[in-house]
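# Inside the fold
Each chain, letter by letter, is given below.
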Amino acid sequence: MSNFKPSISKRVMPAQKISLDNAKPDKLFFFVANVVIYRERDGRCLILQRSGNEKVHPGKYCVPGGKLEWANLDINRPTRLNGDVIDFENAVEDLLQKEVSEEAGIEIDRELKYLNSVAFVRPDEIPVVLVKFAAKYKGGEVKPEAGAFINHVWANAEEVKNYECIDGVAEEVAATIKLFQSAEKI
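Residues numbered from 1 in each chain as written. Predicted model: local features only at pLDDT ≥ 70, side-chain atom pairs only at ≥ 80, totals over all residues. Heavy atoms only, no water.

### Examining the overall build of the protein chain
Spelled out, the test is: Helix and strand assignments come from DSSP, with helices taken as H or I runs of at least 4 residues and strands as E runs of at least 2, each series counted from the N terminus. Remark: exposure states derive from per-residue accessible area (1.4 Å probe, protein chains only) relative to the maximum for the residue type, with buried under 20%, exposed over 50%, and partly exposed in between. The criterion used for residue contact is that any of the two residues' heavy atoms lie within 4.5 Å. Each accessible area is a Shrake-Rupley estimate made with a 1.4 Å probe; only the visible protein chains count as cover when residues are assessed. Charge assignment in this entry is limited to Lys and Arg as positive and Asp and Glu as negative, and neither His nor the chain termini are counted. Taken as the charge location is NZ of Lys, CZ of Arg, CG of Asp or CD of Glu.
Each helix and strand counted, the protein chain has 2 helices and 10 strands in total. Secondary structure elements of the protein chain, listed N to C terminal, follow the sequence β-β-β-β-β-β-α-β-β-β-β-α. Reported as C-alpha extents along the three principal axes, the dimensions of the protein chain are approximately 60 × 45 × 25 Å. When each of the 186 residues of the protein chain is scored for burial, the buried share is 33%. At a minimum sequence separation of 6, the contacts of the protein chain that also span at least 24 residues come to 67%. When the accessible surface of the protein chain is totalled, it reaches about 11800 Å², and 49% of it is carbon and sulfur. Each charge class in the protein chain was averaged separately, 26 positive and 29 negative side chains, and the resulting centres sit 4 Å apart.

As structure tokens, then:
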């Protein structure tokens, strides 16, 4: 990539750093991705109970996920240069692999299935775009991240309704199970 030369007509160089200098304040969002993890052998999905100390949704059940941060985009190690644009391919897949490992201690397949998305404004007034995916469990023993989670459950579409989940989680578990079980029948 060090041999990159911009076209003479453009004379635009790729970014040298990540900066907000030219950003439009009304277009800044946190980007968050979550993943519902499906275990094929019994048709259940993993939910994690958040610690009572969490600022948002304390004690409620959720699925793994996290924010894409600048540190995830090493400006000196892009996956490709796309003209004068620096690309980071598979940023969401890499993020979810990392978050699932940290939050649950397990591995998931890299192939993600899109579920849905939601934009919302946090209580601290920060807008967020949350994109939700489904993935198959690959392996490992669930070990909830100390301090962040206090319990875990592998639940099916009916059982998940017995837990106090963040709004939408029960429906996403049901959708994930339907998605993967439909694919198994083909």
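Alright, that's what it looks like, and here's the rest.
### Focus on the state of the cysteines
How we decide: The criterion for a disulfide is a pair of cysteine sulfur atoms lying within 2.5 Å.
Under the definition given, this model contains 0 disulfides. A disulfide-free cysteine, Cys62 has its sulfur positioned 8.6 Å from the sulfur of Cys165, the nearest such atom. Its relative accessible area of 6% is what places Cys62 among the buried residues. A relative accessible area of 12% means that Cys165 is categorised as buried.

### Quick word on the side chain of Glu172
Along the polypeptide, Glu172 turns up in helix α2 (residues 169–185). Setting aside its immediate chain neighbours within four residues, Glu172 contacts Val36, Leu115, Asn116 and Lys132.

### Considering a nonpolar patch on the surface
Put simply, the test is: Within the patch definition used here, like charges are joined within 9 Å and nonpolar side chains (Val, Leu, Ile, Met, Phe, Trp, Tyr) within 5 Å, considering only residues with over 30% relative accessible area and no salt bridge. Salt bridges are counted wherever a side-chain nitrogen of Lys or Arg sits within 4 Å of a carboxyl oxygen of Asp or Glu.
Together, Leu20, Leu28 and Trp70 make up an exposed nonpolar region whose accessible area comes to about 310 Å². As for its placement among the helices and strands, Leu20 is situated in the segment before β1 (30–39).

### Observations concerning the layout of surface pockets
Test applied: Any residue with an atom within 4 Å of a point lines the site, the site being either a cavity, points on a 1 Å grid over the protein atoms alone where a 1.4 Å probe fits but cannot get out, or a pocket, an open set with protein on both sides within 12 Å along at least 5 of 7 lines. Grid points are joined across faces, edges and corners, and a volume is the space filled by probe spheres set on the points.
Taken as a whole, the largest pocket spans an internal volume of roughly 990 Å³. If you trace the largest pocket, you find 34 residues lining it, with Val32, Arg50, Val56, His57 and Lys67 closest to the centre. Going through the elements one at a time, β1, β4 (65–67), α1 (91–104), β8 (113–121), β9 (127–139) and α2 are the ones with two or more residues in the lining of the largest pocket. Estimated volume of the second largest pocket: approximately 620 Å³. In terms of lining, the second largest pocket is formed by 20 residues, of which the most central are Ile18, Ser19, Leu20, Leu28 and Trp70.

### Describing the environment of Ala104
Assignment of secondary structure puts Ala104 in helix α1. The class for Ala104 is buried, based on a relative accessible area of 0%. For the pair Ala104 and Ala170, spaced 66 residues apart in the sequence, the C-alpha separation amounts to 18 Å. Non-local contacts of Ala104, meaning those with residues more than four positions away in its chain, are made with Leu46, Leu48, Glu99, Glu141, Val142, Lys143 and Pro144.

### Section: unusual backbone geometry
Only a minority of non-glycine residues have a phi that is not negative, and only a minority of peptide bonds are not trans. Here His57, not a glycine, exhibits a phi torsion of approximately 55 degrees, which is positive. Checked against the element boundaries, His57 lands in the loop between β2 (44–50) and β3 (61–62). One non-glycine residue with positive phi stands out, namely Asn90, at about 60 degrees.

### Let's talk about α2
Which entries qualify depends on this criterion: For a helix, the expected span equals 1.5 Å multiplied by the residue count minus one. In this context, the arc is that of the directions from the helix axis out to the C-beta atoms.
In a regular helix each residue adds 1.5 Å, so 17 residues correspond to 24 Å; α2 covers 24 Å between its end C-alpha atoms and thus fits that length. Within α2, burial applies to Val169, Glu172, Val173, Thr176, Ile177 and Phe180. Taken around the axis of α2, the buried residues stretch over an arc of 135 degrees, which confines them to a single face. Within α2, the exposed residues directed more than 90 degrees away from the buried face are Glu171, Lys178 and Lys185. Where α2 is buried, its residues contact β1, β2, β3, β8, β9 and β10 (149–155).

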